[in-house]
Amino acid sequence: MTILLLDLESAPPAELARRLDDALRADGFVAVTGHGVPADVVAAAFDASRRFFALPEAVKCRWHIDRWPLHRGFDPVGWQALDPNRPADLKESFYLGVEALGPNQWPDEALVPGFRAALDAYAAALRTLAARMMGLFELALSLPPRHFDVYTRRPNCVTRLLHYPPAPAVVLPGQLGCGAHTDWGALTLLAQDDAGGLQVQRADGRWLDVEPVPGAFVVNIGDMTRRWTNDRWRSTMHRVVPRRVGIERWSIAFFFDLDADALVAPLPTCVDAAHPARYAPITAGEHLAEMYRRTTLSG
Ligand SMILES: O=C(O)CCC(=O)C(=O)O
Ligand SMILES: [Fe+2]
C-alpha cells in the first residue's frame, strides 16, 4: 500500500478533484504524474544541486544561511531538527526564495556554472504546477474558480535543495535523515530520487513508505491548509529514514505558501453546524515565522 498516484491528464478536473479530496482527507499526500513540468528542468535542478553540495564544506559555508538576514542559503548537517525532540537531522540543504520578495544568496557562477539559471527555471515551472494544484483544490473544496487568487498574488515560494549524505553506520539514538514533522505552508511539491526513505504516518499511527515513482511529484498539504480547511484535510507527519548504510538521497522540496499578509481563516465551505470553525484567523507570514523559530537549533 502506498499513497495515491494521480495522473493529472487521466480524467476531467472535476473527477481529479474528487479523488484528491478523498486522498487529502485520508492521507494528506498524493503523487502526481502528467503534471507538465519538463523532465529536463527537473534534471538540471538536481544536477545543479549535486554540483553545489560537492563543494568543500568551507566553501559552501560562504553562503551559510545564518550570514543572511532572510531565510536563504546553505544549512549544513546539524543545523535543523525538524523533530525538536530528536537529535539534529542528517541532511544539508540550500534554501532559495522569490527574488522579488528579497534577495537570495547565489553561489559564484564560476564555482557552480548554471546554478541560478537552473533553479530559476525550476521555480517557474513548479509555480505553474502549484497554481494548477490550487485550481484543483478550489474544485475539491466546492469553492468558486479563482477563489484563491487573492491569497496568492505574491506567494512565498521556497525551493529547498536537500542532500542526505550516505547514511553513517553509527547515528545517535533516534537520529534520522529528517525528523518527523508536518509541513507548515499551503502546499509542498517534492521531487525525490530513487533512494527511498520518505515515510508518511497514517491516521492509525503506522508509517507508510512513499515509494519513489520516476518523474512524479509528491504533493502534500501543510499546516496552513489544514487550518484553512478546518481539519478536513490532513497535514500529515512525515520523515526520512536512512534506508541502507552508504546510500545517499537527493530531493528538492518546493514549498508554496500564501502571501505573507493573507489572512487564513477556515474556508466557508469547510464550516457548518457539524464542523464549527476550530481556528482563529492568522496571517500566513506570522504562522511561518513561528514554525522556523521552533525548529532551528542555531537560531
Ligand atoms: O527529502 C524529503 O523527501 C522530505 C523533505 C521534507 O519533508 C521537508 O523538507 O519538509
Ligand atoms: Fe516535509
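Use the structure listed above.
As the structure is a computational prediction, the values presented were derived from the model and not from experiment.

Caption draft 1: Geometry of the overall build of the protein. Helix and strand counts for the protein stand at six helices and 14 strands. Taken against the 2.2 N^0.38 rule, which gives 19 Å for 299 residues, the C-alpha radius of gyration of the protein at 19 Å falls within 12% of a compact globule. Structurally, the protein occupies a C-alpha span of about 55 × 40 × 40 Å along its principal axes. The proportion of buried residues among the 299 residues of the protein is 54%.

Caption draft 2: Molecular detail of the coordination of the iron ion (ligand 2). Every protein donor of the iron ion (ligand 2) is listed here as His181 (NE2), Asp183 (OD) and His238 (NE2), and their distances to the metal cover 2.1 to 2.2 Å. Read in sequence order, the donor residues coordinating the iron ion (ligand 2) give the pattern H-x1-D-x54-H. One end of the pair, Asp183, is in the loop between strand 6 (178-181) and strand 7 (187-192); the other, His238, is in strand 11 (residues 238-240), and 55 residues separate them in sequence. The class for Asp183 is buried, based on a relative accessible area of 6%.

Caption draft 3: Region of interest: helix 1 (residues 13-26). Relative to the 20 Å expected for 14 residues at 1.5 Å per residue, helix 1 spans 20 Å between its end C-alpha atoms, a close match to the ideal helical length. Among all positions in helix 1, only Leu16, Ala17, Leu20, Asp21, Ala23 and Leu24 are buried. Those residues of helix 1 that are buried are in contact with strand 1 (4-7), strand 2 (29-33), helix 4 (115-140) and strand 10 (217-221). Just downstream of helix 1, Gly28 is the residue with a positive phi angle, here 75 degrees.

Caption draft 4: Layout of the environment of Val37. Within the secondary structure, Val37 sits in the loop between strand 2 and helix 2 (39-53). Between the C-alpha atoms of Val37 and Ala216, which are 179 residues apart in sequence, the distance is 9.6 Å. Those residues in contact with Val37, other than ones at most four positions away along the chain, are Val42, Ala125, Leu126, Leu129 and Phe217.

Caption draft 5: Fine view of the site of ligand 1. Within the structure, ligand 1 sits among Arg160, Leu162, Tyr164, His181, Asp183, Leu190, His238, Val240, Arg249, Ser251 and Phe255. Between ligand 1 and Arg249, the relevant distance is 2.4 Å, taken from an oxygen atom to a side-chain nitrogen or oxygen of the residue. In isolation ligand 1 has 290 Å² of accessible area, and contact with the protein removes 96% of it. Of all elements in the fold, only strand 5 (156-164), strand 11 and strand 12 (249-257) reach the threshold of two or more residues within the shell around ligand 1.

Caption draft 6: Spotlight on the packing of aromatic side chains. Counted according to the given criterion, the structure contains 14 aromatic pairs. Relative to Phe53, the ring of Phe52 has its centre 5.2 Å away and its plane inclined at 80 degrees; by these criteria the two rings are edge-to-face. As far as the burial class goes, Phe52 and Phe53 line up, both buried. Chaining the aromatic ring pairs together yields one cluster made of Phe52, Phe53, Trp63, Phe74, Phe94, Trp106, Phe115 and Trp250. In this arrangement the basic side chain of Arg239 is found over the ring face of Trp207, its NZ or CZ atom lying 3.9 Å from the centre.

Caption draft 7: The packing of helix 1 against helix 4, seen in detail. Direction vectors running N to C along helix 1 and helix 4 enclose 80 degrees, while the axes themselves pass 8 Å from each other. On the basis of their axis angle, the class for helix 1 and helix 4 is roughly perpendicular. Contacts from Pro13, Ala14, Leu16, Ala17, Leu20, Asp21 and Leu24 of helix 1 reach helix 4 at Met133, Leu136, Phe137, Leu139 and Ala140. For the contact of helix 1 with helix 4, the per-class residue count stands at eleven nonpolar, no polar and one charged.

Caption draft 8: Structural detail: the pattern of salt bridges. Tallied over the full model, the rule gives 19 salt bridges. With a shortest N-O distance of 3.2 Å, Asp21 and Arg25 are connected by a salt bridge. Pair noted here: Asp21 and Arg25 are both in helix 1, with a separation of four residues, about one helical turn. A salt bridge links Asp83 to Arg86; the shortest N-O distance between them is 3.6 Å. Note on Asp83: relative accessible area 13%, which makes it buried. Classification of Arg86 as partly exposed rests on a relative accessible area of 36%. A single salt-bridge network, built from bridges that share partners, covers Glu15, Arg18 and Arg19.

Caption draft 9: The arrangement of the sheet that holds strand 7 in detail. Spatial strand order, 1-2-10-7-12-5-4-3: eight strands in an open sheet with mixed pairing. Each edge of the open sheet carries a strand with a single partner, namely strand 1 and strand 3 (73-75). In this sheet, adjacent strand axes meet at a mean angle of 25 degrees when their direction is disregarded. Bridge analysis of strand 7 against strand 12 gives six bridges, and the strand direction is antiparallel. Within strand 12, the position partnered with Thr188 by the bridge is Phe255.

The rules behind these values
- Along each chain, residue indices are assigned from 1 in the same order as the chain's sequence is written.
- For naming, the first written chain is A and the first written ligand is 1, with later ones following in the order written.
- Since the coordinates come from a predicted model, pLDDT governs what is reported: local features require at least 70, and pairs of side-chain atoms require 80 or more to be given and counted, while whole-chain, interface and lining totals use all residues.
- Hydrogens and waters are ignored; side-chain quantities use all the structure's heavy atoms.
- Where helices and strands are cited, they refer to DSSP runs of H or I of at least four residues and of E of at least two residues respectively, numbered from the N terminus.
- Radius of gyration means the value over C-alpha atoms here, while the globule rule gives 2.2 Å times the residue count to the 0.38 power.
- Buried, partly exposed and exposed residues are distinguished by accessible area as a fraction of the type maximum, computed with a 1.4 Å probe on protein chains only: under 20%, between the cut-offs, and over 50%, respectively.
- Nitrogen, oxygen and sulfur within 2.8 Å of a metal are treated as its donors, or within 3.2 Å for sodium, potassium and calcium (Na, K, Ca); water is not counted, so a site can appear incomplete.
- The length a helix should cover is 1.5 Å for every residue beyond the first.
- Contact definition: two residues touch when any of their heavy atoms are within 4.5 Å.
- Working definition: residue near molecule or strand if any one of its non-hydrogen atoms lies within 4 Å of it.
- Polar contact criterion, stated in full: a pair of N or O atoms within 3.5 Å, where within protein one must be able to donate a hydrogen and the other to accept it, and residues adjacent in sequence count only if both atoms are side-chain atoms.
- Methods summary: accessible areas were calculated by the Shrake-Rupley approach with a probe of 1.4 Å, and residue burial reflects only the protein chains presented.
- A pair of aromatic rings is counted whenever rings of Phe, Tyr or Trp (Trp by its six-membered ring) have centres within 6.5 Å, and the orientation is called stacked for planes under 30 degrees apart, edge-to-face for over 60 and tilted otherwise.
- Two conditions define a charge sitting above a ring: the NZ of Lys or the CZ of Arg must be within 6 Å of the ring centre, and it must be within 35 degrees of the ring normal.
- Fitted lines through C-alpha atoms give the axes, limited to the stretch in contact for helices. The angle between two N-to-C directions lies from 0 to 180 degrees.
- Between 65 and 115 degrees an angle is taken as roughly perpendicular, under 35 as roughly parallel, over 145 as roughly antiparallel, and anywhere else as oblique.
- Note that Gly is not counted as nonpolar here; it falls among the polar residues with everything else outside the nonpolar set of Ala, Val, Leu, Ile, Met, Phe, Trp, Tyr, Cys and Pro and the charged set of Asp, Glu, Lys and Arg.
- Criterion for a salt bridge: a side-chain nitrogen of Lys or Arg within 4 Å of a carboxyl oxygen of Asp or Glu.
- When DSSP locates at least two bridges between a pair of strands, those strands are taken to pair.

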